[in-house]
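Read off the chains here:
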Amino acid sequence: EPKVLQAFAIYSLKHDLTKGRNAIEKALRLDTANPINHALLAMLNIDDPESALKSLKTALEFWQNEPEWHALSADLYARTGDVDSAEHHINKAIKYSPDNAHLWQKNADIQLQQNDLHEAKKAIEKSATYQSSNPKIWIQMADINRRLGNLTDAFQNIQKASDLSPDDIEISEHKAKF
């Protein structure tokens, strides 16, 4: 039963990737047109970006407007150094889910890889409008502001992160750098 195999593959994401791959490959043989099977195979092959991207391409042929699959594609392309494809996919993900703070944060990461600090700042600010209670967003904004030379803003960003999560050691380390 393909749905049972999918459920087992999902469970296997945290427990046994090899068994999960075997289960989802069986599910694919039973139902090759199910994009969820291809997306699950991509997640199970996350340590092999080329295999994962191949599976995601197939999944996206069926469901072109699935933002999380585009986001995962962006992550994988960024890991392989293909930043242009990463940017393409994160922009698609944002198109389909424009109020998702996590996607805007990934966009900022990609802009940073391209060393486009101004676009990274715009993206992280957009992320903060949707999830201002996330200290990681404020840390990233502080880093961008520091790199832009906006040290007062950077310190305020770190302070905001510290206010949100006062016991976080990473935030304390960033704060100490200032």
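Notes on the structure follow. As the structure is a prediction and not an experimental result, all values here were calculated from the model. (Residues numbered from 1 in each chain as written. Predicted model: local features only at pLDDT ≥ 70, side-chain atom pairs only at ≥ 80, totals over all residues. Heavy atoms only, no water.)

The next subject is a nonpolar patch on the surface. On the surface, a cluster of nonpolar side chains totalling about 260 Å² of accessible area is made up of Ile36, Phe62 and Trp63. Mapped onto the fold, Phe62 is located in helix H4 (residues 49-62). When its relative accessible area of 37% is taken as the criterion, Phe62 is described as partly exposed. (Patch = residues over 30% accessible without salt bridge, like charges linked within 9 Å, V, L, I, M, F, W, Y side chains within 5 Å. Areas by Shrake-Rupley, 256 points an atom, 1.4 Å probe, with all protein chains shown as cover. Salt bridge = Lys/Arg side-chain N within 4 Å of Asp/Glu carboxyl O. Helix = DSSP H or I, 4+ residues; strand = E, 2+ residues; numbered from the N terminus. Buried < 20%, exposed > 50% of the residue type's maximum accessible area, 1.4 Å probe, protein only.)

Within the structure shown, the criterion is met by one aromatic pair. When the ring of Trp63 is compared with that of Trp69, the centres are 5.3 Å apart and the planes differ by 10°; the resulting orientation is stacked. Look at Trp63 and you get partly exposed, because its relative accessible area is 38%. With relative accessibility at 10%, the residue Trp69 sits in the buried group. (Phe/Tyr/Trp six-rings, centres within 6.5 Å; stacked < 30°, edge-to-face > 60°.)

Taking 1.5 Å per residue as the helical rise, helix H7 (residues 101-113) with its 13 residues ought to reach 18 Å, and the 19 Å between its terminal C-alpha atoms agrees with that figure. Burial analysis of H7 places ten of its 13 residues in the buried class, the great majority of the element. Every buried residue of H7 is accounted for by Ala101, Leu103, Trp104, Gln105, Lys106, Asn107, Ala108, Ile110, Gln111 and Leu112. Structurally, H7 contributes buried residues whose contacts are with helix H5 (67-80), helix H6 (83-96), helix H8 (117-130) and helix H9 (135-148). Immediately downstream of H7, the backbone of Asn115 shows phi near 60°, a positive value. (Expected span 1.5 Å × (residues − 1). Contact = heavy atoms within 4.5 Å.)

Right, let's talk about the nonpolar core for a bit. In terms of nonpolar packing, the biggest core is built from 40 residues, with Leu56, Trp69, Leu76, Ile90, Leu103, Ile110 and Ile124 touching the most fellow members. For this core, the element with the highest residue contribution is H5, accounting for seven residues. Excluding anything up to four places from it in sequence, Ile110 contacts Ala74, Val83, Ala86, Glu87 and Ile90. In terms of nonpolar packing, the next biggest core, distinct from the first, is built from seven residues, Ala9, Ile24, Ala27 and Leu41 among them. (Core = buried A, V, L, I, M, F, W, Y, C linked by side-chain atoms within 4.5 Å.)

Here we come to the packing of H7 against H9. The interhelical angle for the contact between H7 and H9, taken along N-to-C directions, is 25°, at an axis separation of 11 Å. Our classification of the angle between H7 and H9 gives roughly parallel. Both H7 and H9 take part in a crossing whose hand is left-handed. For the pair H7 and H9, contact is made by Ala101, Gln105, Ala108, Asp109 and Leu112 and by Lys136, Ile137, Gln140, Ile144 and Arg147, respectively. The class makeup of the residues in the contact of H7 with H9 is five nonpolar, two polar and three charged. (Axes fitted to C-alpha atoms, helices over the stretch in contact; angles between N-to-C directions. Parallel < 35°, antiparallel > 145°, perpendicular 65-115°, else oblique. Left-handed = near helix turned anticlockwise from the far one by under 90°. Nonpolar A, V, L, I, M, F, W, Y, C, P; charged D, E, K, R; others polar.)

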